[in-house]
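Here's the letter readout for the chains.
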Amino acid sequence: MTHAMLKGSNVPLEATTVRAVLRWTPGQGIPDVDASALLLGPDGRVRSDEDFVFYNQPRHPSGQVWRLGKKRGAEGLTDTIQTDLAGVEPAVGQILLVASADGVAFDRV
């Protein structure tokens, strides 16, 4: 099942395996974008540096959250994060999927 999401939105999930695909159209003045995941404890905070999944750390030590990386397709560029929610340890209360653009305001994406 596919859900299109707007900035700041939430989508309830019934699936145990989730693939989040960030898609944008590159062009002049449009920055490159990186997708990341932050695994949060019950207090809503990242427990350690290992709970960041991003381009320099593409897989969580648990193996349950990983970055598939960027790809160029007919519709533009994508960056993808995938997770197996059934295998995520109980100490993780939330997984935030975030996007960032280096050096510019995100509204230029």
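Residues numbered from 1 in each chain as written. Predicted model: local features only at pLDDT ≥ 70, side-chain atom pairs only at ≥ 80, totals over all residues. Heavy atoms only, no water.

A. Focus on the side chain of Thr80. For Thr80, the position within the fold is in strand S5 (residues 76-84). Every residue in contact with Thr80, bar those within four places of it in the chain, is listed here: Arg19, Ala20, Val21, Trp66, Arg67, Leu68 and Gly69. (Helix = DSSP H or I, 4+ residues; strand = E, 2+ residues; numbered from the N terminus. Contact = heavy atoms within 4.5 Å.)

B. Inspection of the pattern of salt bridges at higher detail. Within this structure, the stated rule accounts for six salt bridges. Between Arg23 and Glu75 there is a salt bridge, with the nearest N and O atoms lying 3.5 Å from each other. Taken together, the residues Arg23 in strand S1 (residues 17-24) and Glu75 in the loop between strand S4 (65-73) and S5 connect sequence positions 52 residues apart. When salt bridges with common partners are traced through the structure, they connect Asp32, Asp34 and Lys70 into a single cluster. (Salt bridge = Lys/Arg side-chain N within 4 Å of Asp/Glu carboxyl O.)

C. Highlighting the pairing of strand S2 (residues 33-40). Burial analysis of S2 places eight of its eight residues in the buried class, which makes it a mostly covered element. Of the two faces of S2, the one lined by Val33, Ala35, Ala37 and Leu39 and the one lined by Asp34, Ser36, Leu38 and Leu40 are each fully buried. Alignment of S2 against strand S6 (residues 94-101), held across eight bridges, turns out to be antiparallel. By the bridge assignment for S6, Asp34 is matched with Ser100. Here S2 pairs with strand S3 (residues 52-53) via two bridges, running antiparallel. Looking across to S3, one finds that Leu38 is bridged to Phe52. (Buried < 20%, exposed > 50% of the residue type's maximum accessible area, 1.4 Å probe, protein only. Pairing = 2+ DSSP bridges.)

D. Looking closely at the sheet that holds S5. Read from one edge to the other, the open sheet built from three strands follows the order S1-S5-S4, with strand pairing classed as antiparallel. Two strands lie at the open edges of the sheet, namely S1 and S4, each paired on one side alone. Put simply, the sheet's adjacent strands are angled 20 degrees from each other on average, direction ignored. Relative to S5, S4 is paired through eight bridges, and the arrangement is antiparallel. If you follow Lys70 over to S5, its bridge partner there is Asp79. (Axes fitted to C-alpha atoms, helices over the stretch in contact; angles between N-to-C directions.)

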